[in-house]
Amino acid sequence: QIWDQDKEIKMYDLAVGMLFALEAILMIAAFGFEEYWKVAQNKLDFMIMLATVGSTIYALIPNEYEDPHVIRCIASCRLLRLLRLLNWVPGFSTILSALMRVLPEAFEMAQVLFCAMFIFSVVGTQLFGGLIN
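This text gives an overview of the structure that appears in the document. The numbers attached to residues start from 1 for each chain and follow its sequence in the written order. The predicted nature of this model means local features are confined to residues of pLDDT at least 70 and side-chain atom pairs, given and counted, to a pLDDT of 80 or more, with totals for whole chains, interfaces and linings taken over all residues. Side-chain numbers come from the whole structure's heavy atoms, not from hydrogens or water.

**Some remarks on a nonpolar patch on the surface**
Then step 1. Note on patches: the residues involved have over 30% relative accessible area and no salt bridge, like charges join within 9 Å, and the nonpolar side chains Val, Leu, Ile, Met, Phe, Trp and Tyr join within 5 Å. For every accessible area listed, the method is Shrake-Rupley and the probe measures 1.4 Å; residues are considered covered only by the protein chains on display. In what follows, salt bridge is the name for a side-chain nitrogen of Lys or Arg lying within 4 Å of a carboxyl oxygen of Asp or Glu. A cluster of nonpolar side chains, Phe114, Phe118, Ile119, Val122, Val123, Leu127, Phe128, Leu131 and Ile132, forms an exposed patch at the surface whose accessible area comes to about 970 Å².
Then step 2. Secondary structure follows DSSP: runs of H or I at least 4 residues long count as helices, runs of E at least 2 residues long count as strands, and numbering of each begins at the N terminus. Checked against the element boundaries, Ile119 lands in helix 6 (residues 92-128).

**Details of the packing of aromatic side chains**
Note on aromatic pairs: each is described by the distance of the centres and the angle between the planes.
Then step 1. Centres within 6.5 Å make a pair out of two Phe, Tyr or Trp rings, where for Trp the six-membered ring is used; the pair is then stacked when the planes are under 30 degrees apart, edge-to-face when over 60, and tilted otherwise. Applying the stated criterion across every chain yields a total of four aromatic pairs.
Then step 2. Between Phe33 and Trp37, the ring centres sit 5.5 Å apart and the planes meet at 15°, which makes this aromatic pair stacked. Here Phe33 and its partner Trp37 are both found in helix 3 (residues 33-38), four residues apart, which amounts to about one turn of the helix.
Then step 3. Ring geometry for Trp37 and Phe46: centres 5.7 Å apart, planes at 90°, overall edge-to-face.
Then step 4. Here the term buried applies to any residue with accessible area under 20% of the maximum for its type, exposed to any over 50%, and partly exposed to those in between, with areas from a 1.4 Å probe on protein chains only. With a relative accessible area of 26%, Trp37 lands in the partly exposed category.
Then step 5. Grouped by ring-pair contacts, the aromatic residues Phe33, Tyr36, Trp37 and Phe46 constitute a single cluster.

**Looking at the environment of Leu14**
Then step 1. Mapped onto the elements of the fold, Leu14 is located in helix 2 (residues 7-31).
Then step 2. A C-alpha to C-alpha distance of 9.6 Å links Leu14 and Gly54, two positions 40 residues apart in sequence.
Then step 3. Aside from chain neighbours lying at most four places away, what touches Leu14 is Thr56, Ile57 and Leu60. Note on contacts: a residue pair is in contact if any heavy atoms of the two residues lie within 4.5 Å.

**Overview of the pattern of salt bridges**
Then step 1. With the rule as written, the count across this model stands at one salt bridge.
Then step 2. Here Lys38 ties to Glu35 by a salt bridge, and the two come within 3.0 Å at their closest N and O atoms. Taken together, the residues Lys38 and Glu35, both in helix 3 and three residues apart, mark about one turn of the helix.
Then step 3. Here Lys38 falls in the exposed class, since its relative accessible area comes to 60%.

**Overview of the side chain of Asp45**
Then step 1. Within the secondary structure layout, Asp45 lies in helix 4 (residues 40-60).
Then step 2. The exposure class assigned to Asp45 is buried, which follows from its relative accessible area of 5%.
Then step 3. Apart from residues lying up to four places away in sequence, Asp45 is in contact with Arg81 and Arg84.

Here is the structure:
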C-alpha cells in the first residue's frame, strides 16, 4: 500500500505530532491547565495535536483500515496553527469582525442563489433532457 511505502513521512508525522504534544505538556506544566485552557489559541493547538497524534498512532497500529489520505488530511490540519501568525497582522481583527458581521447575510444570499440555480436546472432538464449530448 501507499502508506507502507513512505515510512519517512509516517515517522515525520509522528515526530511533529510528538513535538506538538511536548509543547502542550510544557505549557500546561508552566501555566496550569485552567490558565492554558482559557486561551482560544491553546484550545485550537491542543485539538489539532490530539487529532494528529491520534491519527498517526492509529496508522502505526496494524489494522484493516489504513487510508493514507485520511491521515494526511488530518495531518494537514496542522496548517491551522499558522492562524496564530495572523494575530500579529495589524487590522486583521477588524477584517475578521467585518467578515463575521457580513456572513449571516451572505449565507441567506447563498440560499436564494441555490434555489434559483435549482429551479433553472429542473426547468432545463425538463425542457432539454436528453436532447443535448
